[in-house]
Amino acid sequence: MEGKTLYRKIPKIDKLLEEPKIREMEERWGHYLTVEAARRCVNEIRSAAQTGNEQEVEARIEDITSAMEAYLEEYDRLRMQPVINATGIILHTNLGRAPLNKEIVESISGMMSGYSNLEYDLKSGCRGSRYAHFAENICRLTHGEAALAVNNNAGAVLLMLSALTCGREAVVSRGELVEIGGKFRIPQVMEQSGTRLVEVGTTNCTYANDYEAVVTQDTAAFLKVSTSNYKIQGYTRESSIEELVGIGKKHGIPVLQDLGSGCFVDLKKYGLPEGSSVAESLEKGVDLVCFSADKLLGGPQAGILVGKKELIDKIAVHPLMRALRIDKFTAAALDAVLDCYVREADCTGKIPVLEMLSRPLDRLREDAMRLQEVLSIHENVLVKTRIRESSARLGGGAMPEEIISSISLELRPLRISARRMEENLRLGKLPVIARIEEACIVLDMRTIGSEEIQILMEVLPKVMLC
Ligand SMILES: *Cc1c(COP(=O)(O)O)cnc(C)c1O
């Protein structure tokens, strides 16, 4: 056929929009997205016309409504939405780190949909501070003198250095020049803050007197950074916090600590090693600690700074404070989570991260058995199942080496590949994120809630064919 006639067949967008089926789409997805879908499909037809492929042009025209619908449905399917985390990684950065308890979310929903006293002091009837709501509770829980919170801990580190050490020197051990990920590297953050980095010690060994040896008039701080995403093993030495605080006191130099994953509870209760305790660092004399609110603390994304009032006061007036300020949603969630910690002697049930850590293996085994049960009619036909011990992890840059014993359900699909089954799970109505290990899907029970087990009971039988 002549090129020109082929081009004439290409549907016009405004004509398409008059078709009843496409009008229905417009009602469901709106004008903007429907026109976008139509343009895309029409462009594909035009490309086919350019190559003179008449058959393809005809087929695509025939198919245009379903192609548009597929495009719009994909838009829905890939939107931001809840997923089931079957990876066993509790603080999964890609999956939003710490989940919040439903009750907590409900308790703050009124503040999301209406006005609140975010920066209004109800007692005096005057302007208030958004930090006042939670600062007092942070101090209660850590015995710090004053506290602040910003958008995240990366921001807290940058702010702390910008406000306290800019134009001067901060001393850091060579073993603690951490890269957190996402290009956040301690030496670069230092540079960004206008601080001169003074490295001391070696990768594996740094002693207290290494810090003392470099003290000058220009030393503004000693900085301790938690090596939260790696571990140096073998012959290692680091100066204790107490030693560093001692030297700091002697020379009038504050000790700052980026704790990474701060925590308000005794982690031994959850079978984890000590560490990350904010109160302990402050008690040992650290002047200022910063940490993430959405790591072990189990709160919303935020960076908390707590310690000496004199230092917090300096930080509070720095221009970056406004740039990094915490938004009202986070402030409300943080306030609610801290309220749990203050109110309840044991808030395991209210903080999902802690609740997941505390789930007994028996319960995880029961969950796995319930899932195995619904697949029993397909056993050896569509799938081979096995319940086995597995290793969950904290993830999210907290205790990288720590293995949390767990139970997994292993599924070996017999009719389709594991990759295909993983895709079926991932692209389902409620996406399930799982690992593939040796041609099996591994569902780790530690990060799957009871309600999600119910959902999986319905989902699993449907993902093993095609
Ligand atoms: C995780 C981490 C950060 C960054 O915290 P975000 O809240 O993710 O910004 C900074 N320092 C250390 C040591 C960390 O572990």
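Refer to the structure printed above.
Rules used in this analysis
Residues numbered from 1 in each chain as written. Predicted model: local features only at pLDDT ≥ 70, side-chain atom pairs only at ≥ 80, totals over all residues. Heavy atoms only, no water. Helix = DSSP H or I, 4+ residues; strand = E, 2+ residues; numbered from the N terminus. Buried < 20%, exposed > 50% of the residue type's maximum accessible area, 1.4 Å probe, protein only. Contact = heavy atoms within 4.5 Å. Phe/Tyr/Trp six-rings, centres within 6.5 Å; stacked < 30°, edge-to-face > 60°. Pairing = 2+ DSSP bridges. Axes fitted to C-alpha atoms, helices over the stretch in contact; angles between N-to-C directions. 1 Å grid on protein atoms, 1.4 Å probe; cavity = no way out; pocket = protein on both sides within 12 Å on 5 of 7 lines; lining within 4 Å. Points joined across faces, edges and corners; volume = space filled by probe spheres on them. Nonpolar A, V, L, I, M, F, W, Y, C, P; charged D, E, K, R; others polar.

S.K.: When you look at the overall build of the chain in this model, what are you seeing that I'm missing?
M.R.: When you go through the chain residue by residue, the secondary structure sums to 19 helices and 17 strands. The C-alpha extent of the chain, read off along each of the three principal axes, is 90 × 55 × 50 Å. Counting across all 466 residues of the chain, residues that qualify as buried make up 46%. Within the chain, residue pairs in contact and separated by at least 24 positions form 75% of the contacts whose partners lie at least 6 positions apart.

S.K.: So what exactly am I meant to see when it comes to the environment of Leu414 here?
M.R.: Tracing the backbone through its elements, the reader meets Leu414 in the loop between strand E14 (403-413) and helix H18 (418-426). Residues Leu414 and Cys440, 26 residues apart in the sequence, show an inter-C-alpha distance of 10.0 Å. Leaving out residues up to four positions away in the same chain, Leu414 has contacts with Asn380, Val381, Leu382, Val383 and Lys384.

S.K.: I tried to follow the packing of aromatic side chains on my own but got confused; where do I start?
M.R.: The description of an aromatic ring pair rests on the distance of the ring centres and on the angle between the ring planes. Inspection of every chain in the model, using the stated rule, returns four aromatic pairs. Relative to Phe291, the ring of Phe264 has its centre 6.0 Å away and its plane inclined at 80 degrees; by these criteria the two rings are edge-to-face. One end of the pair, Phe264, is in the loop between strand E10 (255-261) and helix H12 (278-283); the other, Phe291, is in strand E11 (residues 288-292), and 27 residues separate them in sequence. Residues Phe264 and Phe291 agree in their burial class; the two are buried. With a centroid separation of 5.4 Å and 80 degrees between ring planes, the pair formed by Phe264 and Tyr341 is classed as edge-to-face.

S.K.: In this structure, what is going on with the sheet that holds strand E5 (residues 169-173)? I would like to understand it.
M.R.: Each strand in a sheet pairs with its neighbour through backbone hydrogen bonds, running either in the same direction (parallel) or in the opposite one (antiparallel). Here we have seven strands laid out as an open sheet, ordered E4-E12-E11-E10-E9-E5-E8, and mixed in their pairing. If you trace the sheet from one side to the other, it starts and ends with strand E4 (146-150) and strand E8 (196-200), each paired once. Pairs of neighbouring strands in the sheet enclose a mean axial angle of 20 degrees, with direction left out of account. Direction of pairing for strand E9 (residues 219-225) relative to E10: parallel, over a ladder of four bridges. Considered in E10, the bridge of Leu223 is made with Leu256. Across the face of the sheet, helix H7 (residues 132-142) comes into contact with E4 and strand E12 (303-307) while running at roughly 120 degrees to E4. Of the strands in this sheet, E4, E10, E11 and E12 touch helix H13 (residues 309-316), which is tilted by about 35 degrees from E4.

S.K.: When you look at the layout of surface pockets in this model, what are you seeing that I'm missing?
M.R.: Over the atoms rolls a probe the size of a water molecule, and its path tells where empty space is left. Considering only enclosed or pocket space, the largest pocket measures out at about 1400 Å³ in volume. Around the largest pocket, the lining is made up of 38 residues, and of these Pro82, Val83, Pro99, Leu100 and Glu452 lie nearest the centre. Listing elements by their share of the lining of the largest pocket, those giving two or more residues are strand E1 (84-85), helix H6 (102-113), helix H16 (352-358) and helix H19 (450-459). Here the element with the most residues in the lining of the largest pocket is H19; it accounts for four residues. Of the residues that constitute the lining of the largest pocket, the class distribution is 16 nonpolar, 10 polar and 12 charged.

Any functional reading would require information that these geometric values do not contain.
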